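Coordinate analysis (summary)
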Amino acid sequence: MPKMKTKSSAKKRFKLTGTGKIKRKHAFKSHILTKKATDRKRRLTDATLVDKADEKSIKQQLTIG
């Protein structure tokens, strides 16, 4: 059986933390920033963790045990 391939889109968007959780960036921060409030843009800057419900599918895309 051939090896499982990692999804290229997933490896560009997610990183693993030391404890095995998955880190992601917020969406809606790339363009059309004039109409968004300053505090909203500041909140979108920080990275956050992926929700527990989505972890299984993302780990499958990253081909992690």
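Heads up: these notes are all about the structure in this document.

Thresholds applied
- Residues numbered from 1 in each chain as written.
- Predicted model: local features only at pLDDT ≥ 70, side-chain atom pairs only at ≥ 80, totals over all residues.
- Heavy atoms only, no water.
- Helix = DSSP H or I, 4+ residues; strand = E, 2+ residues; numbered from the N terminus.
- Buried < 20%, exposed > 50% of the residue type's maximum accessible area, 1.4 Å probe, protein only.
- Contact = heavy atoms within 4.5 Å.
- Areas by Shrake-Rupley, 256 points an atom, 1.4 Å probe, with all protein chains shown as cover.
- Lys, Arg positive; Asp, Glu negative; His and termini not counted.
- Salt bridge = Lys/Arg side-chain N within 4 Å of Asp/Glu carboxyl O.
- Polar contact = N/O pair within 3.5 Å; in protein donor to acceptor, adjacent residues only side chain to side chain.
- Core = buried A, V, L, I, M, F, W, Y, C linked by side-chain atoms within 4.5 Å.
- Pairing = 2+ DSSP bridges.

For the rest of this paragraph, the subject is the overall build of the chain. Across its full length, the chain carries three helices and three strands. Listed N to C, the secondary structure of the chain is α-β-β-α-β-α in terms of helices and strands. Principal-axis analysis of the C-alpha atoms gives the chain an extent of 50 × 25 × 20 Å. Within the chain, buried positions represent 14% of all 65 residues. Put simply, of all contacts in the chain between residues at least 6 apart along the chain, 56% involve residues at least 24 apart. Approximately 5,800 Å² of the chain is accessible, and the part contributed by carbon and sulfur atoms is 53%.

A few words now on the side chain of K36. Structurally, K36 is set in the loop between β2 (22-24) and α2 (38-45). In this structure K36 is buried but unpaired, with D39 as the nearest side chain of opposite charge at 12 Å. Among the polar contacts listed, one links the side chain of K36 to the backbone oxygen of H31, at a separation of 3.3 Å.

The next point concerns the nonpolar core. Formed by A10, F14, I22, V50, I58 and L62, the largest nonpolar core amounts to six residues. Contacts of I58, omitting those with residues within four sequence positions, involve F14, I22 and V50.

With that out of the way, let us pick up unusual backbone geometry. Positive phi, normally seen in glycine, also occurs at F28, with a value near 70 degrees. By the element assignment, F28 lies in the loop between β2 and α2. Its relative accessible area of 61% is what places F28 among the exposed residues. Look at I32: it is not a glycine, yet its phi comes out positive at around 55 degrees. Looking at where I32 falls in the secondary structure, it is placed in the loop between β2 and α2. With relative accessibility at 48%, the residue I32 sits in the partly exposed group.

The subject of this paragraph is the sheet that holds strand β1 (residues 15-16). Taken in spatial order, the three strands make up an open sheet running β1-β2-β3, and their pairing is antiparallel. The sheet is open, and its two borders are formed by β1 and β3 (48-49), each paired with just one other strand.

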